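# Fold and geometry: a report
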Amino acid sequence: MKRYADPYVAGFCLGLVVLASFVFLDRGVGVSGSFRSAAAIAAAFGTSQSGGHATALLYVMAGAFFSALIARRLKLTIERGPNITNRTRLIAAFAGGTVMAMGAYLARGCTSGLALSGGALLGVGSWIFMLAAFAAAYAFAPLVRKTWQ
C-alpha cells in the first residue's frame, strides 16, 4: 500500500499545526472543536446550529477527498480482510464511528484534541489517556486481527 507521507515529517508538521493553532487561534486543535466553531459561526450568521455541524462535516469530507486525490489514492473501495464480508465491514465501521462520535460528545471533546492539544500542554490527563488508548488498542488488536489475515 502506498504511503501518504513520511511519518516523521508528518508528525513534525502536525506539531507545527498545533503550535500555530495556539499562537493564532488561542486554542488547540481537534475535530469536535471545529464542529463547535463552525456551528457558532453559522449561528452568528443566523443559520441553525445543525447547519454549522453539517458544514464542518462537509469540510472534513472535503479534506479527506483532497488528501486522497493528492496522494493518488482516490478510489471507491471497501478495505477489508478476506475473512469478513463487505456488509459486515461497513456495519462494523459505522458502529465504531458512532461509538467514537458519542464518546466525543459525552466527553465534550475528541481524542485528537485531547491527545494533541492536551499532550502539547503536558496535561497529565491527556498523557494518561494516550497511554490507555494505545494499551487498549494493543489489547484489542488480536481479537480483530484474524479478520484481516
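The following paragraphs examine the structure supplied in this document. These numbers were taken from a predicted model, which means no experiment stands behind them. (Residues numbered from 1 in each chain as written. Predicted model: local features only at pLDDT ≥ 70, side-chain atom pairs only at ≥ 80, totals over all residues. Heavy atoms only, no water.)

### Re the overall build of the protein
A tally of regular secondary structure across the protein gives six helices and zero strands. The order of helices and strands in the protein, counted from the N terminus, is α-α-α-α-α-α. The burial tally for the protein puts 17% of its 149 residues in the buried class. Contacts in the protein between residues far apart in sequence, at least 24 positions, make up 52% of those at least 6 positions apart. Taken as a whole, the protein presents about 11400 Å² of accessible surface, with 72% of it coming from carbon and sulfur. (Helix = DSSP H or I, 4+ residues; strand = E, 2+ residues; numbered from the N terminus. Buried < 20%, exposed > 50% of the residue type's maximum accessible area, 1.4 Å probe, protein only. Contact = heavy atoms within 4.5 Å. Areas by Shrake-Rupley, 256 points an atom, 1.4 Å probe, with all protein chains shown as cover.)

### Quick notes on unusual backbone geometry
At Arg72, a residue that is not glycine, the phi angle is positive and equals roughly 60°. Note on placement: Arg72 falls in the loop between α3 (49–70) and α4 (86–107). Of note, the phi angle at Leu122 is positive, near 60°, even though the residue is not glycine.

### A look at helix α6 (residues 124–145)
Across its 22 residues, α6 extends 31 Å between first and last C-alpha, which sits within 8% of the 32 Å expected from 1.5 Å per residue. In the structure, α6 departs most strongly from a straight axis at Ala139, where the bend amounts to approximately 30° and where the proline Pro142 lies between one and four residues downstream. (Expected span 1.5 Å × (residues − 1). Bend = angle between axes of the 7 residues up to and from the residue.)

### Some points on helix α1 (residues 7–25)
When the terminal C-alpha atoms of α1 are compared, their 26 Å separation across 19 residues agrees well with the 27 Å that a helix rising 1.5 Å per residue should span. Capping the start of α1 is the job of one residue whose side-chain oxygen sits 2.9 Å from the backbone nitrogen of Tyr8: Asp6. Following α1 by one or two positions, Asp26 has its phi on the positive side, about 60°. (Polar contact = N/O pair within 3.5 Å; in protein donor to acceptor, adjacent residues only side chain to side chain.)

### Let's talk about the side chain of Ser117
Here Ser117 shows up in helix α5 (residues 111–120). On the basis of relative accessibility, which here comes to 8%, the residue Ser117 falls in the buried class. Here Ser117 is in contact with Phe22, Gly28, Val29 and Ser112, once residues within four sequence places are set aside.

### Observations regarding the packing of α5 against α6
Contact geometry for α5 and α6: axes closest at 8 Å, N-to-C directions at 130°. Judged by the angle between their axes, α5 and α6 are oblique. Judged by the twist between their axes, the crossing of α5 over α6 is left-handed. Listed contacts from α6 to Thr111, Leu114, Ala115, Gly118 and Gly119 of α5 are Ser126, Trp127, Phe129 and Met130. (Axes fitted to C-alpha atoms, helices over the stretch in contact; angles between N-to-C directions. Parallel < 35°, antiparallel > 145°, perpendicular 65-115°, else oblique. Left-handed = near helix turned anticlockwise from the far one by under 90°.)

### Section: the packing of α1 against α5
Their axes nearest at 10 Å, the elements α1 and α5 cross at an angle of 70°. In terms of axis orientation, α1 runs roughly perpendicular to α5. Listed contacts from α5 to Leu14, Val18 and Phe22 of α1 are Leu116, Ser117 and Ala120. Classifying every residue of the contact of α1 with α5 gives five nonpolar, one polar and no charged. (Nonpolar A, V, L, I, M, F, W, Y, C, P; charged D, E, K, R; others polar.)

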